[in-house]
Amino acid sequence: MDVTLLFTEYDNFKELTIKDRFFKHAQVEQLLGQLPSKFKVKPVGYSEEGRSINLVEWGKGPSRIFLWSQMHGDEPTGTMALFDLFNFLNHQNYLPAVNMLFETCTLYMLPMLNPDGAERFTRRNSRQLDINRDYIAAISKEAKLLRSLRAEINPAFGFNLHDQSTLWSVEGSLKSATLSFLAPSFDQFASWNDNRTKAMMVIVDMYIAINKLLPGRIGLFPDEYEPRAFGDNFQREGTSTLLLEAGGFKDDHDKQEVRKYFFLSILQGLLSISSRSYLSNSPADYSAIPKNGKEIFHMLIRNVKLNGMSTNLGLNYDDDYSIKEQKVTRRYFVTDIGDLRFSNAYKTYDSDQLVIHEMISIDSLANFRLLEGNKILLTFHDGILNAIL
Ligand SMILES: [Zn+2]
């Protein structure tokens, strides 16, 4: 099956009730309750604040594959993709592929490991712990649960589903890294063993397929060993673990486009394992995938007169989520000033008439007006972009 053909028929299986980044545990529970009986849904634990965490088992094949999403509460794309996957697996149009998966694999899927973080749209859990730095200590209920599930399921493959910073680029391309993949290291030397090599070979299939849809927009996530993280430890414990990171795509703040590529990557990975097609890849093909880089800004203002010179200004934003108002406040910061010719941005302003009269300080909230001649182009007040005229 060529998964890229599914891109144009995505609405066939997209979970339409999930429309943005801010869906919560209640909606996840409701959707899980509606799954047909082929999906065995069982509560396997509770978050620190008592929200249920559920495992969905599907298939009867010998290849056990464990997929978990949103261990960081503000990284929801994997959860969206899992619900799209449930719909896909339940769709009549795709029976040959679905039947093959059903007979060859057993999928264990855990959407939203950190529901308390999702409630607040924060990376960390309700006790302010980063679950992905809690593998060894296992202080948090969520980390303890994930550890014990891996030991219980003993999966051959693990899919660790995250969202990465939208400021990653693909090295050399000056494009945002819409997706990044990694077969995490299991030691500080980034050694290869059989488990890690298998994960690399599956990633090669994912990269080759999805790169047709996203040329130049897929990178390898940095592979520094993090001894407290799950992927690194699962790799060592005998589960070939793949890290999938959903990144930035122009104007896709709610990740509704990235979601599609993310789902297709997961599906390609599952099909490669199911058909064993990954076995014909080589780890050298993995090493040839371009790496993530840091070459983009959220906004770049080129050739602007400021602080008494003509230069370039790079701005990035942070999104702060208010639980009470259920909305995001976006604040821009001055990230860099100077020669930024080797950088790119999601949004660029460039003209020889650009002027900023206010004094601009590095690392401060954006507080200025961008003029083109006498015309106001942008107004920032305490980091908030007020108007584009
Ligand atoms: Zn993450």
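Residues numbered from 1 in each chain as written. Predicted model: local features only at pLDDT ≥ 70, side-chain atom pairs only at ≥ 80, totals over all residues. Heavy atoms only, no water.

Student: Hey, could you run me through the overall build of the chain in this one?
Tutor: For the chain, the count of helices and strands is nine helices and 19 strands. Taking 389 residues into account, the globule formula puts the C-alpha radius of gyration at 21 Å, and the chain, at 22 Å, falls close to it. Within the chain, the fraction of its 389 residues that count as buried is 56%. Restricting the contact set of the chain to residue pairs at least 6 apart, pairs at least 24 apart contribute 74%. (Helix = DSSP H or I, 4+ residues; strand = E, 2+ residues; numbered from the N terminus. Rg over C-alpha atoms; globule rule 2.2 N^0.38 Å. Buried < 20%, exposed > 50% of the residue type's maximum accessible area, 1.4 Å probe, protein only. Contact = heavy atoms within 4.5 Å.)

Student: How should the sheet that holds strand 6 (residues 169-170) be read in this particular structure?
Tutor: With antiparallel pairing, three strands are arranged side by side in an open sheet as 7-6-11. Either end of the sheet is taken by a strand with one partner, and the two such strands are strand 7 (175-176) and strand 11 (292-293). Relative to strand 11, strand 6 runs antiparallel, the two being bridged by two bridges. Paired with Ser-169 across the two strands is Gly-293, which belongs to strand 11. (Pairing = 2+ DSSP bridges.)

Student: Even after reading the chapter, I still don't get the nonpolar core, so can you show me in this structure?
Tutor: When a protein is soluble and globular, its nonpolar side chains tend to lie buried together. Formed by 70 residues in total, the largest nonpolar core has its most connected members in Leu-89, Met-109, Phe-159 and Ile-266. When near neighbours in sequence (up to four residues on either side) are disregarded, Leu-89 contacts Phe-39, Trp-58, Val-98, Leu-101, Leu-107 and Met-109. Core analysis: the second largest hydrophobic core is formed by 19 residues, Val-304, Tyr-349, Ile-356 and Leu-377 among them. (Core = buried A, V, L, I, M, F, W, Y, C linked by side-chain atoms within 4.5 Å.)

Student: Would you mind going over the environment of Tyr-332 with me for this structure?
Tutor: As for its placement among the helices and strands, Tyr-332 is situated in strand 14 (residues 327-338). Separated by 28 residues in sequence, Tyr-332 and Val-304 place their C-alpha atoms 17 Å apart. Ignoring sequence-local partners within four residues, the contact set of Tyr-332 consists of Met-299, Leu-315, Asn-316, Tyr-317, Ser-364, Leu-365, Ala-366, Phe-380, Gly-383 and Leu-385.

Student: For this particular structure, what's the right way to read the coordination of the zinc ion?
Tutor: By definition of the ideal shapes, a tetrahedral metal site with four donors has angles of 109.5 degrees and an octahedral site with six donors has angles of 90 or 180 degrees. Here the zinc ion is held by the protein donor atoms His-72 (ND1), Glu-75 (OE), Glu-75 (OE) and His-162 (ND1), which lie 2.0 to 2.6 Å from it. If you look at the zinc ion, its four donor atoms make angles of 54 to 151 degrees with each other, and the shape they trace is irregular. The sequence pattern describing where the donors of the zinc ion fall on their chain is H-x2-E-x86-H. Taken together, the residues His-72 in the loop between strand 3 (63-69) and helix 2 (77-89) and His-162 in strand 5 (residues 157-163) connect sequence positions 90 residues apart. The exposure class assigned to His-162 is buried, which follows from its relative accessible area of 3%. (Donors = N, O, S within 2.8 Å, 3.2 Å for Na, K, Ca; no water. Tetrahedral: all angles 85-135°; square planar, octahedral: opposite > 155°, others 65-115°.)

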